[in-house]
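# Structural overview
What follows is the residue order along each chain.
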Amino acid sequence: MPLDVVGSGQISQIEVIKSVTPDMDGNALGGTINIKSASAFSRPESFVMGKFELGENSVAKSTIVDTDITWGDTFNDGTVGIALSANYSNRPFVSHEVQGSWNDDDGRLFLEDYEIQPAEGERTRMGVNYNIEFRPDDDTEMYIRGIYNKFEEEERQQEFIIQGRRDPIFVSDDLIEVTRMRFEQRDFQREIKQTLLNVTAGMKKRTDNLTVSGDITYSFSEEDVPVIKSAQFRTGNEQDPFNEGNPFQFRTSNFYPQYNDQGFPTNQLDQFELRRFREGDSLVQENTWSPRIDFEWDLDSVFGGHPGTFKTGIKLTSRDRFVDDNSLRTVGGDDDFTILDIAPPGAGFSIFDGRYMYPSSLNADTALTYLNSNRGDFEVDAEASADNSREDDYDVQEDILAVYAMGTVQWNEQLSMTYGLRYEQTDADLLAFEYQRFRDDDSFLIVENMSSFDYDNILPNLQLRYDIDENSLVRLAFTGTVGRPKYEDASPISSLDINDDWDPESDPIDPAFPNIGELEIGNPELTPFEALNFDLSYEYYLQSGGVLTAGVFQKEIDNPIYEFSSFERDVIYNDVAFEGLSRSQTRNADSASISGIEFNAQLPFTTFFTSSTFLDGFGIDANATFISSDVTIFDREDEDLPFFKQPAEIINLAFYYQKYKFSGRVAYNWQAEALDDLDGNADEDRWDEDRKYLDIQASYKVNDTFTVYANWQNVMEDNKERTYGRKSGRIRR
């Protein structure tokens, strides 16, 4: 659930739990964030609070609006409490993305194609939250809490694609010439409407030494994409368009590659012929029921006379989710329509601070208006329409049953222990579809794929806390957690192209295996991540109010999930015999480990300058984490690979001032590069480069009712940079 679903005034407390306990869901490899909603009982009097923010997105050059309001009060002699919250935000956005694909020529990498992808749009979110409670006495609580949220997004993304169509000529290591290029322009537009409904009804009853608590939660989520549309135009293989002996060029001397298209995309628009129109929609719905009940006993004597508690409970989560995509692909038929016939584009524009020039602005609305007025001149591509309408459809029914038992014991005034075990059983039935295409006779089939899986996980838990003195303590935790695969990865979704690129003159085939194919398929046999986590930390609380902590951690992970690619010969799949089958599938790796050390300091400057009135109010918050990780991948066992999406260093540093009515904060964040996605070899792996952010915040408390504040995020306007293989890059702002 996005954090902006809940208004800030509706949040009474945010708990970051690094080491889960057995009564928490085990699906938490990195810990748990617990958001506690505001309660009318949390304040002695009725209250109203809210915020109104106006901001500017410097890239989009547009105004951001974000507001929420929360009200709470008690009634009926303080036994009934109601807290209500409403929130609204509107955020225009602009992103500039460039992406390159690389190839290898006898060990020398060269840029094979390049894409420029400017996008713009607007996101609007509005919602309400409520918390209605009944507390007839100190030992009884009943409540109903809920969230209703609507999110809408309109997005337009243009794409300009440059493809080299001949082997490169190396002028130097960073400059190549290409005698033929192909150009393509696309305009994609879509509208997204998301709905989230969540209702929880629960109770808590305390007796002499027993506390019974339970609730039932229903949630409904929907993503409706009523509009998906695009128009795509492409040239043929162009060679020296002005007959001046000037070849096309790619230069890769820095992270931002440059190209020389000899002005073709701007001056030869009549060469951009219609490739296809796309019209479609998509619907995703998910319904979840989750009842839970817990029993906790306060015990005077456990483990030889020490006080403690014992707690046990059961929880069932039943979830149904389906995806239904519809797509209509229309092509030009026997006529050759150009971009000038259908949708003459507007003027070009620069992106990435002038580094790149988008040649001309195609508009899908204009193109589709022409299509709707002249449908008789076009024809539907039945193959592509059927493929894209079914390839991502699926229906899944998942049930998770969890049972746990845990206890606490206070060994003495300094040492306490939490221990227990959680058992989770997961059962799921999945239905998806496979599209099979036969190029020999232009036929195709839609085949149902059904599968089911079940697995169980036993998650041990042991945690110790030792108070050294009134200022310092040590924590030790050994926990088991699990991370379930995404539905999309575990569903038997499949797209199978048969004889798509087969040339009988150059590719002789075995008569017994008369097909060549390419298969992309999900994996219902995926098992979840399983992790054993060890955490040891030391905390020291200073007289000044500061805190110093240091910790070490180790995670041993079985079955991490990754993307696997292979080429198989002489195989049979779905009753079709293949001489060669390229297969892409998400699979479980063997194992992985993550270990590290972390430091945290919250230090008012008065910690060091106790008599300084000038420094009173100043302080520093800092934390640093240094991580070593590795993952063992089948077929790449000898390579030293880090764990997926795991940077080796993360550093946060903030200076603050808080005194009288003013507070200010300057925060810097840096994180090292991380492996984003694993491919067949090191030349094709994708990495997120290191990132740095600088944010500035300031506020002034006008009176007990009003506070004004200002935020400046990403002051340095740092871009997200992604490297592909060893040289190529993807950049997003």
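Source: prediction; values computed, not measured.

### Quick look at the overall build of the protein
Helix and strand counts for the protein come out as five helices and 38 strands. Its C-alpha atoms give the protein principal-axis dimensions of about 90 × 65 × 55 Å. Residues counted as buried form 44% of the 733 residues belonging to the protein. Put simply, the protein shows about 36900 Å² of open surface, and 49% of that area lies on carbon and sulfur atoms. On the protein, the mean spot of the 65 positive side-chain charges and the mean spot of the 137 negative ones are 6 Å from each other.

### Remarks on the side chain of Asp 261
Tracing the backbone through its elements, the reader meets Asp 261 in the loop between β13 (258-260) and α1 (264-267). The charged side chain of Asp 261 is buried without a salt bridge, its nearest counter-charge being Arg 251 at 14 Å. Excluding residues within four positions of it along the chain, Asp 261 makes contact with Phe 160, Phe 183 and Phe 248.

### Quick word on the pairing of strand β7 (residues 140-164)
Of the strand pairs in this sheet, strand β6 (residues 108-137) and β7 are connected by 21 bridges, and their pairing is antiparallel. Directly across from Glu 115, in β7, lies its bridge partner Ile 161. Joining the antiparallel neighbours β6 and β7 is a turn of two residues.

### Points about the packing of aromatic side chains
Evaluated as defined, the whole model comprises 24 aromatic pairs. Positioned above the aromatic ring of Phe 93, the side-chain terminus of Arg 123 is 3.9 Å from the ring centre. The ring of Tyr 143 carries Arg 145 above its face, with NZ or CZ at 3.9 Å from the centroid.

### Re the sheet that holds β13
With antiparallel pairing, four strands are arranged side by side in an open sheet as β8-β9-β12-β13. Looking along the sheet, the strands with just one partner apiece sit at the ends: β8 (169-172) and β13. Put simply, the sheet's adjacent strands are angled 20° from each other on average, direction ignored.

### With respect to the pattern of salt bridges
This model, assessed by the stated rule, comprises 30 salt bridges. In this structure, the salt-bridge partner of Arg 321 is Glu 286, at a minimum N-O distance of 2.9 Å. Here Glu 286 lies in strand β14 (residues 273-302) and Arg 321 lies in strand β15 (residues 306-331), a separation of 35 residues in the sequence. The pair formed by Arg 321 and Glu 286 is uniform in burial state, with each residue classed as buried. Of the charged contacts in the structure, one is a salt bridge between Glu 424 and Arg 484, with a shortest N-O distance of 2.5 Å. Of this pair, Glu 424 sits in strand β20 (residues 415-438) while Arg 484 sits in the loop between β22 (472-483) and α5 (487-490), placing them 60 residues apart in sequence. The exposure classification of Glu 424 matches that of Arg 484, with both residues buried.

### Details of the environment of Lys 555
Examined against the element boundaries, Lys 555 turns out to sit in strand β26 (residues 547-558). In this structure Lys 555 comes out as buried when scored by relative accessible area, which is 17%. Polar contacts involving the side chain of Lys 555 include one to the side chain of Asn 533, which spans 3.3 Å.

### Describing unusual backbone geometry
Positioned with a positive phi, Asn 559 is a non-glycine residue whose angle comes to about 65°. Note that Asn 559 resides in the loop between β26 and β27 (561-573). Positive phi outside glycine occurs at Asn 714, with the angle close to 50°. Here Asn 714 lies in the loop between β36 (707-712) and β37 (720-724).

### Some points on a nonpolar patch on the surface
A cluster of nonpolar side chains, namely Leu 462, Leu 476, Phe 478, Leu 532, Phe 534, Leu 536, Val 552, Ile 597, Phe 599, Phe 626 and Ile 651, defines an oily patch on the protein surface of about 820 Å² accessible area. Elements that contribute at least two residues to the nonpolar patch include exactly β22, β25 (529-541) and β29 (591-604). In terms of residues, the nonpolar patch owes the most to one element, β25, which gives three residues.

### Let's talk about helix α3 (residues 364-373)
Ala 364, Ala 367, Leu 368 and Leu 371 are the residues of α3 that are buried. Angularly, the buried residues of α3 cover 95° about the axis, an arc narrow enough to put them on a single face. Exposed residues on α3 whose side chains face more than 90 degrees from its buried face are Thr 369 and Ser 373. Against β10 (181-206), β11 (210-234), β14, β15 and α2 (339-342) lie the buried residues of α3.

### Observations regarding the nonpolar core
Membership of the largest hydrophobic core comes to 38 residues, with the highest contact counts inside it found for Phe 250, Phe 277, Ile 342 and Tyr 356. For this core, the element with the most residues is β6, which contributes five residues. Those residues in contact with Tyr 356, other than ones at most four positions away along the chain, are Val 98, Tyr 114, Ile 116, Tyr 256, Pro 257, Gln 258, Tyr 259, Phe 349, Ser 350 and Ile 351. Ranked by size, the runner-up nonpolar core spans 20 residues in total, among them Phe 529, Phe 553, Ile 561 and Ile 627.

### Examining a negative patch on the surface
Together, Glu 556, Asp 558, Asp 590, Asp 630, Asp 635, Glu 637, Asp 638 and Asp 640 give the surface a local cluster of negative charge. Tracing the backbone shows Asp 638 in the loop between β30 (618-632) and β31 (649-659).

### Quick word on the pairing of strand β35 (residues 691-701)
Of the pairings in the sheet, the one linking strand β32 (residues 662-671) to β35 comprises 10 bridges and is antiparallel in character. Its bridge partner lying in β35, Gln 671 is registered against Arg 691. Relative to β36, β35 runs antiparallel, the two being bridged by six bridges. Residue Ser 699 lies in a different strand from β36, and its bridge partner there is Tyr 709. Counting the residues between successive antiparallel strands, the hairpin from β35 to β36 contains five residues.

### Comments concerning helix α4 (residues 382-390)
Where burial is concerned, most of α4 is hidden: seven out of the nine residues are buried. Taken as a whole, α4 has its buried residues at Glu 383, Ala 384, Ser 385, Ala 386, Asp 387, Asn 388 and Ser 389.

### Some words on the environment of Ile 216
Within the secondary structure, Ile 216 is located in strand β11. The partly exposed category is assigned to Ile 216, whose relative accessible area is 39%. Distance from Ile 216 to Thr 200, taken between C-alpha atoms, is 5.7 Å for residues 16 residues apart in sequence. Apart from residues no more than four positions distant in its own chain, Ile 216 is found in contact with Val 199, Thr 200, Ala 201, Trp 289, Ser 290 and Pro 291.

### A short note on the confidence of the model for the protein
Per-residue pLDDT for the protein averages 84, and the proportion of residues at 70 or more is 90%. Overall, residues 500-509 carries pLDDT values under 50, and its contacts beyond four positions in sequence, including any with other chains, amount to 12 contacts. The model gives residues 726-733 a pLDDT under 50, and that stretch makes 48 contacts with residues more than four places away or in other chains.

Conventions used here
Along each chain, the written sequence defines residue order, and numbers are assigned to residues from 1. At least 70 in pLDDT is required for a residue's local features to be given in this predicted model, at least 80 for side-chain atom pairs to be given and counted, and no such filter applies to totals for whole chains, interfaces and linings, which use all residues. Side-chain calculation: all heavy atoms of the structure are included, whereas hydrogens and water are not. Labels follow the DSSP assignment, with helices taken as runs of H or I lasting at least four residues and strands as runs of E lasting at least two, numbered in each case from the N terminus. Any residue under 20% of the maximum accessible area for its type is buried, any over 50% is exposed, and the rest in between are partly exposed; the area is computed with a 1.4 Å probe on protein chains only. Accessible surface is estimated by sampling points in the Shrake-Rupley manner with a 1.4 Å probe; for residues, cover comes only from the protein chains shown. The charge count treats Lys and Arg as positive and Asp and Glu as negative. His and the chain ends do not count. Lys charges are placed at NZ, Arg charges at CZ, Asp charges at CG and Glu charges at CD. Salt bridges are defined as contacts in which a side-chain nitrogen from Lys or Arg sits within 4 Å of a carboxyl oxygen from Asp or Glu. Any pair of residues with heavy atoms lying within 4.5 Å of one another is described as a contacting pair. Being paired, for any two strands, means DSSP has found at least two bridges between them. Any two rings among Phe, Tyr and Trp, with Trp reduced to its six-membered ring, count as a pair given centres within 6.5 Å; such a pair is stacked if its planes are under 30 degrees apart, edge-to-face if over 60, and tilted if neither. Charge-over-ring placement is defined geometrically: NZ (Lys) or CZ (Arg) within 6 Å of the ring centre, and within 35 degrees of the ring normal. Axis angles are defined between N-to-C directions and span 0 to 180 degrees, where every axis is a line fitted to C-alpha atoms and, for a helix, only to the segment in contact. Two N or O atoms form a polar contact when they lie within 3.5 Å of each other; inside protein one atom must be a possible hydrogen donor and the other a possible acceptor, and for residues adjacent in sequence the pair counts only when both atoms belong to side chains. Only residues whose relative accessible area exceeds 30% and that take part in no salt bridge are eligible for patches, with like-charged residues grouped when within 9 Å of each other and nonpolar side chains (Val, Leu, Ile, Met, Phe, Trp, Tyr) grouped when within 5 Å. Read the arc as the range of directions from the helix axis to the C-beta atoms. Nonpolar cores are built from buried Ala, Val, Leu, Ile, Met, Phe, Trp, Tyr and Cys residues. Side-chain atoms within 4.5 Å join them into one set. pLDDT gives the predictor's per-residue confidence on a scale running from 0 to 100.

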